[in-house]
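Structural overview for review
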Amino acid sequence: MKAVLCTGFGPPENLSLADIAPHAPAPGELAVTVRACALNFFDTLIIAGKYQYRPQFPFSPGAEIAGVVKAVGDGVGGFRPGDRVIGYLGWGGCREEVVAAAEKFVRLPEGLDDAVAAGLTVTYGTTLHALKDRARIEPGETLAVLGAAGGVGQAAIEVGKLMGARVIACASSDDKIAFCKSLGADEGFNYKDADLKDGLKRLTDGNGVDVVYDAVGGDLSEPALRAIAWRGRFLVVGFAAGGIARIPLNLVLLKGCDIVGVFWGEHIAREPEAHRANMAQLLDWAARGRIAPHIHKRYSLAETPEALRALAAREVKGKAVVVP
Ligand SMILES: NC(=O)c1ccc[n+]([C@@H]2O[C@H](COP(=O)([O-])OP(=O)(O)OC[C@H]3O[C@@H](n4cnc5c(N)ncnc54)[C@H](OP(=O)(O)O)[C@@H]3O)[C@@H](O)[C@H]2O)c1
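This section reports on the structure supplied with the text. (Residues numbered from 1 in each chain as written. Predicted model: local features only at pLDDT ≥ 70, side-chain atom pairs only at ≥ 80, totals over all residues. Heavy atoms only, no water.)

**Topic: the packing of helix H3 (residues 122-134) against helix H4 (residues 151-162)**
Running from N to C, H3 and H4 cross one another at 50 degrees; their axes reach a closest spacing of 8 Å. Between H3 and H4, the interaxial angle falls into the category oblique. By crossing handedness, the relation of H3 to H4 is classed as right-handed. Seen from H3, the contacting residues are Thr123, Tyr124, Thr127, Leu128 and Leu131; seen from H4, they are Gly151, Val152, Gln154, Ala155, Ala156, Glu158, Val159 and Gly160. (Axes fitted to C-alpha atoms, helices over the stretch in contact; angles between N-to-C directions. Helix = DSSP H or I, 4+ residues; strand = E, 2+ residues; numbered from the N terminus. Parallel < 35°, antiparallel > 145°, perpendicular 65-115°, else oblique. Left-handed = near helix turned anticlockwise from the far one by under 90°. Contact = heavy atoms within 4.5 Å.)

**What about the pattern of salt bridges?**
Here the structure, examined in full by the defined rule, presents 17 salt bridges. Notably, a salt bridge pairs aspartate 175 with lysine 317, separated by 3.0 Å at the nearest N-O pair. Separated by 142 residues along the polypeptide, aspartate 175 in helix H5 (residues 174-182) and lysine 317 in the loop between helix H11 (304-312) and strand S15 (319-322) bring together distant segments of the chain. Between glutamate 273 and arginine 276 there is a salt bridge, and its shortest N-O distance comes to 2.9 Å. A residue pair is termed a helical-turn pair when its members lie 3 or 4 positions apart in one helix, as glutamate 273 and arginine 276 do in helix H10 (residues 272-287) at 3 residues. (Salt bridge = Lys/Arg side-chain N within 4 Å of Asp/Glu carboxyl O.)

**Comments concerning unusual backbone geometry**
The linkage connecting phenylalanine 57 with the following residue, proline 58, adopts the cis geometry, with an omega of -10 degrees. Following the sequence through the fold, proline 58 ends up in the loop between helix H1 (41-46) and strand S4 (64-72). In the Ramachandran plot, aspartate 205 falls in the positive-phi region, its phi being about 50 degrees despite a non-glycine side chain. Along the chain, aspartate 205 falls in the loop between helix H6 (196-203) and strand S11 (209-214).

**Structural notes on the layout of surface pockets**
Empty space within the largest pocket amounts to approximately 1,300 Å³. Along its surface, the largest pocket is lined by 45 residues, and Phe41, Ala215, Gly238, Phe239 and Ala240 are the ones closest to its centre. Per-class residue counts for the lining of the largest pocket are 27 nonpolar, 13 polar and 5 charged. Estimates place the volume of the second largest pocket at around 340 Å³. Lining the second largest pocket are 16 residues, with Glu103, Lys104, Phe105, His275 and Arg276 sitting closest to its centre. Sorting the residues of the lining of the second largest pocket by element identifies strand S5 (84-88), strand S7 (105-107), helix H9 (264-270) and H10 as the ones contributing at least two each. No other element matches the 4 residues that H10 contributes to the lining of the second largest pocket. Of the residues in the lining of the second largest pocket, the class split is 9 nonpolar, 4 polar and 3 charged. (1 Å grid on protein atoms, 1.4 Å probe; cavity = no way out; pocket = protein on both sides within 12 Å on 5 of 7 lines; lining within 4 Å. Points joined across faces, edges and corners; volume = space filled by probe spheres on them. Nonpolar A, V, L, I, M, F, W, Y, C, P; charged D, E, K, R; others polar.)

This is how it looks when you write it as structure tokens:
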């Protein structure tokens, strides 16, 4: 089978496409034919050796897949060859076939497109955990999403709207803002050359936003916190801009607000029941068309380096998906 391989940490162009032998599932595992592998920003970090996980070489990038069960290992219940599934693997998805523990997969409802389904786990799972479990967002509250046109950003727009929030999408271009509005955002703010704190205050009549969803970090975190409302919740989701802000704690006191960490990878390991319930909710919404991740582009396995380059260059709107 064909697999995209990382054989040493480096940029996307160092990845290679190789023919490797598939293997049979061990007890407790499934072998799954990959129909689509959705990429995430952190794939650009894993292949560069800059992420919290450092897999052994050679490995394939790609954390989340949709596919069809090819073979079932001994002792696995609830799956049969031919079942359509999605799964979170951490890495290893950019190949024609994967083998992993059965508990990493859930069955897909009928009718969902493979490329759309592949992108439901990481970004939407993170976002539902963030908005529901961590921010406890209430209908009628305002939600500012930074990096709103990206993967977790588009999920925050869609899930925020479903939870009844007024969503302010913040991004670096008017084109991205228009995209966010097409997903349902109520307002947009282009932070490229404008002050984020002033913009968010203006859009909330001076009251500030109830929840900030920060997937960008860097120079945007502090102005966003300065625009938070009394008893607001600031969700620390990611640092796509590279920098990690040092926050003056007096701001937290003065606003009576919470700075809340969101670590989905630990959440699914430590709170598997809550994770399963969140995935059931997301699959139900997806099956009923209430969330519909936008696919920026479908790439072939050979085009995986180009997809990762585009992610790192802030060119992707929604999800980049590799279709083997
Ligand atoms: N906490 C968790 O459990 C969790 C789970 C999943 C992902 N994350 C993190 O969330 C962040 C976003 O992930 P994603 O997959 O949604 O990424 P993405 O699709 O690439 O979106 C990230 C957005 O960040 C903005 N950005 C600003 N500076 C950037 C830079 N130098 N390079 C790239 N993007 C930049 C871009 O929007 P503009 O151009 O509009 O600024 C871009 O659309 C990452 O840091 C990721 O590791 C965290």
